[in-house]
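Examination of the molecular architecture
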Amino acid sequence: MTSKNPDKPLAFPPGFLFGAATSAHQVEGGNHNQWTVWELENAKSLAKQAEYKLTWLPDWQGVKDQATDPSNYVSGQACDHFNRYREDFDLLRRMNMNAFRFSVEWSRIEPREGVWDAAAFVHYKKYVGQLRSLNIEPVVTLMHWTLPVWFAEKGGFARRGNVKYFVRFAKKVFMELGGDIKYFCTLNEPEVYTSKGYYWGEWPPNRQSRLQAMWVYLNLASAHNRTVRAGRRLGGAWLFGLSKDCAHNYPGDDAWLSRLSAALANWALDYFFLNMVRRKLDWLGLNYYFSNRFFGYRIHNPEHPQNDLGWTMEPRNLQFVIERLSRKYRRPIMVTESGVADRGDRYRKWWISASLAAIARAIAGGARVDGYLHWSLLDNFEWAFGKWPRFGLAEVNYRTLSRRLRPSALWYGQTIKKLRR
Ligand code: IFM
């Protein structure tokens, strides 16, 4: 599936979705869920830990003041996107985008068990309506890591019996909002959610148990499958997928151990989960940020530039991940996230341009790719790192809440204009 002519001008199929992505908790502001509770409990210690854990970052001096300030770790009003979404959708329009991925916040919709908040649905209906009026295709995520407090207190996804609550929430969303939606994304990055919260113990609920992590992972697969089944029974013409974080794992040499390690990484990190849900996928969402080059069982990446979070950037390898997943699962792929933490906007244009070229090569080689949704539309609350990492096409001033499209965003907008058919 490799392109025969890598120098061909970029070509994308008619209707290809060029857009951006966000998640509710990271941008909306004013939420009350298990993450907001955790942030308030941990802000001081995260700020303190930054003083010794983050000093190795490429731009530590530039981010130090924010990273050592406890208020950085509290999402609070975030970008106030909940109230300013019209202004933000205008940014999409200015960038000539035709798609936008966002999540609906379960804790707003069902703040107490079995109690539905009509006002939350009114809000999301207007929100989706506004996108439609701008001819922007909504891609709706149901679970982007935040949970209502009552659900977390019941044990969240660590209990199989709790999956039914998620399915009930999803059905409610299908019935209330489904009339205007084509693409539903059930889960965002189940592996990151599980490993950070239950294996490494770094995120809520701070568990470190292999057994529990495995159980949560299996329950998430079940949640996806049951949600899609429920959605299909309702009879809407929806297309269901999920967003899986997948890296390009590759051997750095010909040694059998390097090859085996890369293959095992693909299996353990991607196929194990995807094989459980493959029958219930109309499309596969791919979140791409990383490459892992194996020498033996160790990862040693080439000397490429690093983004502000210290992540090595190799956007062109997106092609190989698309080709691998496309060969294995034979589903349309949608790049539901890909981006860089880059407060100086030094790398973003290069990242986007290399990513689009990678996608075009994968398409030319026979893969079906339906969209590229850049992470992220706005600077936002980057979980346990707080607000200092800047992923936005639009820079957000957290004091005044004003937005400004970065130069890379203006370039991306012009590029979309040329590429859209
Ligand atoms: O901000 C996150 C997002 O919530 C999930 N995918 C990765 C992004 C960058 O870390």
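Structure report, in brief. (Residues numbered from 1 in each chain as written. Predicted model: local features only at pLDDT ≥ 70, side-chain atom pairs only at ≥ 80, totals over all residues. Heavy atoms only, no water.)

This next bit is on the overall build of the chain. The secondary structure content of the chain amounts to 14 helices and 13 strands. Compactness check: the chain gives a C-alpha radius of gyration of 20 Å against a globular reference of 22 Å for 421 residues, within 12% of the reference. Considering only C-alpha atoms, the chain reaches an extent of 55 × 50 × 45 Å along its principal axes. Per-residue burial for the chain yields a buried fraction of 60% across its 421 residues. Look at the contacts in the chain between residues 6 or more apart in sequence, and 78% of them connect residues 24 or more apart. (Helix = DSSP H or I, 4+ residues; strand = E, 2+ residues; numbered from the N terminus. Rg over C-alpha atoms; globule rule 2.2 N^0.38 Å. Buried < 20%, exposed > 50% of the residue type's maximum accessible area, 1.4 Å probe, protein only. Contact = heavy atoms within 4.5 Å.)

With that settled, consider a positive patch on the surface. A contiguous patch of positive charge on the surface is contributed by Arg159, Arg160, Lys164, Lys171, Arg226, Arg229 and Arg233. Contributions of two or more residues to the positive patch are made by α8 (163-177) and α10 (210-234). In terms of residue count, the dominant contributor to the positive patch is α10 (3 residues). Considering the arrangement of structural elements, one finds Arg229 in helix α10. (Patch = residues over 30% accessible without salt bridge, like charges linked within 9 Å, V, L, I, M, F, W, Y side chains within 5 Å. Areas by Shrake-Rupley, 256 points an atom, 1.4 Å probe, with all protein chains shown as cover. Salt bridge = Lys/Arg side-chain N within 4 Å of Asp/Glu carboxyl O. Lys, Arg positive; Asp, Glu negative; His and termini not counted. Charge placed at Lys NZ, Arg CZ, Asp CG, Glu CD.)

We now examine the site of the ligand. In the vicinity of the ligand, the contacting residues are Gln26, His144, Trp145, Asn188, Glu189, Tyr289, Trp311, Glu337, Trp375, Glu382, Trp383 and Phe391. Contact between the ligand and Gln26: an oxygen atom at 2.7 Å from a side-chain N or O atom of the residue. His144 is positioned such that a nitrogen or oxygen atom in its side chain is 2.8 Å from an oxygen atom of the ligand. Coverage of the ligand by the protein chains reaches 95% of its 280 Å² of free accessible surface. (Near = heavy atom within 4 Å. Polar contact = N/O pair within 3.5 Å; in protein donor to acceptor, adjacent residues only side chain to side chain.)

Let us look at the pattern of salt bridges. If you walk through the whole model with that rule in mind, you get 23 salt bridges. A salt bridge links Glu113 to Lys154; the shortest N-O distance between them is 3.2 Å. Separated by 41 residues along the polypeptide, Glu113 in the loop between α5 (106-109) and α6 (118-133) and Lys154 in the loop between α7 (149-153) and α8 bring together distant segments of the chain. Across the pair Lys244 and Asp245 runs a salt bridge, and its minimum N-O distance is 3.6 Å. Judged by its relative accessible area of 13%, Asp245 falls in the buried class. Connected through salt bridges with shared partners, the residues Glu191, Lys244, Asp245, Asp270 and Arg324 form a single ionic network.

All right, on to the side chain of His123 then. Within the element layout of this structure, His123 appears in helix α6. Classification of His123 by relative accessible area gives buried; the value is 9%. If sequence neighbours within four positions are ignored, His123 has contacts with Phe82 and Tyr85.

One open sheet holds the 3 strands; their spatial order is β6-β8-β9, and the pairing between them is mixed. What marks the edges here is a single partner per strand, and that holds for β6 (248-251) and β9 (298-299). Alignment of β6 against strand β8 (residues 291-295), held across 4 bridges, turns out to be parallel. By the bridge assignment for β8, His248 is matched with Ser291. In the packing of helix α11 (residues 256-277) onto the sheet, the strands contacted are β6 and β8, and the crossing angle to β6 comes to about 165°. (Pairing = 2+ DSSP bridges. Axes fitted to C-alpha atoms, helices over the stretch in contact; angles between N-to-C directions.)

Before going further, it helps to spend a moment on the layout of surface pockets. What the second largest pocket holds in volume is close to 300 Å³. Gln34, Ala152, Glu153, Pro204 and Pro205 are the residues nearest the centre of the second largest pocket, which is lined by 17 residues in total. When contributions to the lining of the second largest pocket are tallied by element, the ones reaching two or more residues are α2 (34-53), α7 and α9 (190-199). Class assignment of the residues belonging to the lining of the second largest pocket gives a composition of 10 nonpolar, 4 polar and 3 charged. (1 Å grid on protein atoms, 1.4 Å probe; cavity = no way out; pocket = protein on both sides within 12 Å on 5 of 7 lines; lining within 4 Å. Points joined across faces, edges and corners; volume = space filled by probe spheres on them. Nonpolar A, V, L, I, M, F, W, Y, C, P; charged D, E, K, R; others polar.)

The next thing to look at is α8. The terminal C-alpha atoms of α8 lie 21 Å apart, and with 15 residues this matches the ideal 21 Å at 1.5 Å per residue to within 8%. Restricting attention to buried positions, one finds in α8 the residues Val163, Tyr165, Phe166, Val167, Phe169, Ala170, Val173, Phe174 and Leu177. (Expected span 1.5 Å × (residues − 1).)

Another aspect to go through is the nonpolar core. Counting residues in each nonpolar core, the largest one holds 132 residues, and the members touching the most others are Val104, Phe157, Ile322, Leu325 and Ile359. Here this core takes 9 residues from α8, the largest share from any one element. Filtering out sequence-adjacent residues up to four positions away, Ile359 remains in contact with Phe12, Phe16, Leu318, Ile322, Val335, Val369 and Tyr372. (Core = buried A, V, L, I, M, F, W, Y, C linked by side-chain atoms within 4.5 Å.)

We now examine the packing of aromatic side chains. One pass over the full model with this rule turns up 49 aromatic pairs. What links up through ring pairs into an aromatic cluster is the set Trp106, Trp150, Phe151, Phe157, Tyr165, Phe166, Phe169, Tyr193 and Tyr198. We note Lys328 situated over the ring of Tyr271; from NZ or CZ to the ring centre the distance is 4.7 Å. Just above the ring of Tyr398 sits the side chain of Lys387; from NZ or CZ to the centre is 5.5 Å. (Phe/Tyr/Trp six-rings, centres within 6.5 Å; stacked < 30°, edge-to-face > 60°. Lys NZ or Arg CZ within 6 Å of the ring centre and 35° of its normal.)

Glancing now at the environment of Arg293. By secondary structure assignment, the location of Arg293 is in strand β8. A relative accessible area of 19% means that Arg293 is categorised as buried. Each C-alpha atom of the pair Arg293 and Asp370 lies 28 Å from the other, and the pair is 77 residues apart in sequence. Apart from the residues within four sequence positions on either side, Arg293 is in contact with Tyr250, Pro251, Gly252, Arg298, Ile299, His300, Asn301 and Pro302.

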